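What follows is each chain in one-letter form.
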Amino acid sequence: MAAHACIKRNLLIMTKITDFDAVETQQVQSHIDQRWPDEVIIIEIADVELELNEISTESASYPTVVWQAEDCTFLVIKAGKEEFRGLFFYEDSEHFSTDQDYFAEINHCVITLLQTQAEFADNAPA
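Residues numbered from 1 in each chain as written. Predicted model: local features only at pLDDT ≥ 70, side-chain atom pairs only at ≥ 80, totals over all residues. Heavy atoms only, no water.

(A) Spatial organisation of helix α2 (residues 22-35). Compared with the 20 Å implied by 1.5 Å per residue over 14 residues, the 20 Å span of α2 between its first and last C-alpha is a close match. Taken together, the buried positions of α2 are E24, T25, V28, Q29, H31 and I32. For α2, the angular spread of the buried residues around the axis is 160 degrees, confining them to a single face. Exposed and facing more than 90 degrees away from the buried side of α2 are A22, V23 and Q34. Structurally, the start of α2 carries an N-cap: the backbone nitrogen of V23 is 3.1 Å from a side-chain oxygen of D21. (Helix = DSSP H or I, 4+ residues; strand = E, 2+ residues; numbered from the N terminus. Expected span 1.5 Å × (residues − 1). Buried < 20%, exposed > 50% of the residue type's maximum accessible area, 1.4 Å probe, protein only. Arc of directions from axis to C-beta. Polar contact = N/O pair within 3.5 Å; in protein donor to acceptor, adjacent residues only side chain to side chain.)

(B) Expanded view of the packing of α2 against helix α3 (residues 106-123). In the contact formed by α2 and α3, the axes pass within 9 Å of each other and the chain directions differ by 30 degrees. When the axes of α2 and α3 are compared, the pair comes out roughly parallel. As for the relative orientation of α2 and α3, their crossing is right-handed in sense. Between α2 and α3, the contacting residues are E24, Q27, V28, H31 and R35 on the first element and I106, N107, V110, I111, L114, Q117 and A118 on the second. A class-by-class count of the residues in the contact of α2 with α3 yields 6 nonpolar, 4 polar and 2 charged. (Axes fitted to C-alpha atoms, helices over the stretch in contact; angles between N-to-C directions. Parallel < 35°, antiparallel > 145°, perpendicular 65-115°, else oblique. Left-handed = near helix turned anticlockwise from the far one by under 90°. Contact = heavy atoms within 4.5 Å. Nonpolar A, V, L, I, M, F, W, Y, C, P; charged D, E, K, R; others polar.)

(C) Expanded view of the nonpolar core. With 20 residues, the main nonpolar core has V28, W36, W67, F74 and V76 as its most contacted residues. Among the secondary structure elements, those contributing two or more residues to this core are α2, β2 (60-69), β3 (72-80), β4 (83-91) and α3. Ranked by residues supplied to this core, first place goes to α3 with 5 residues. The residues contacting V28, other than those within four sequence positions of it, are I43, V65, W67, I106 and V110. (Core = buried A, V, L, I, M, F, W, Y, C linked by side-chain atoms within 4.5 Å.)

Here you go:
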């Protein structure tokens, strides 16, 4: 089954992944507004070049929602149709992700990403 998933991902990389639509960006913004109700945090749409495939060493461009809060940069990457990945980092050399590599639903991805970052921040040395 894992080989099939990698083949699927290879095919998606070779084709253009659609950008985030208005509903998806609104869902992300809604979770951000709930997490930081007293702050105005604006999301940006970008493309990032990453190696998300375990088999290939070639990088590909993926639509991404980006925002910054609490000295942290957050990324929600659209890796395919109904396939999302969340990452956060404080410095370029330190990238963190959730325990789950991919999510079929954007809300689950964003909620898990925010929870993972909050737990990391709570456990980080002062």
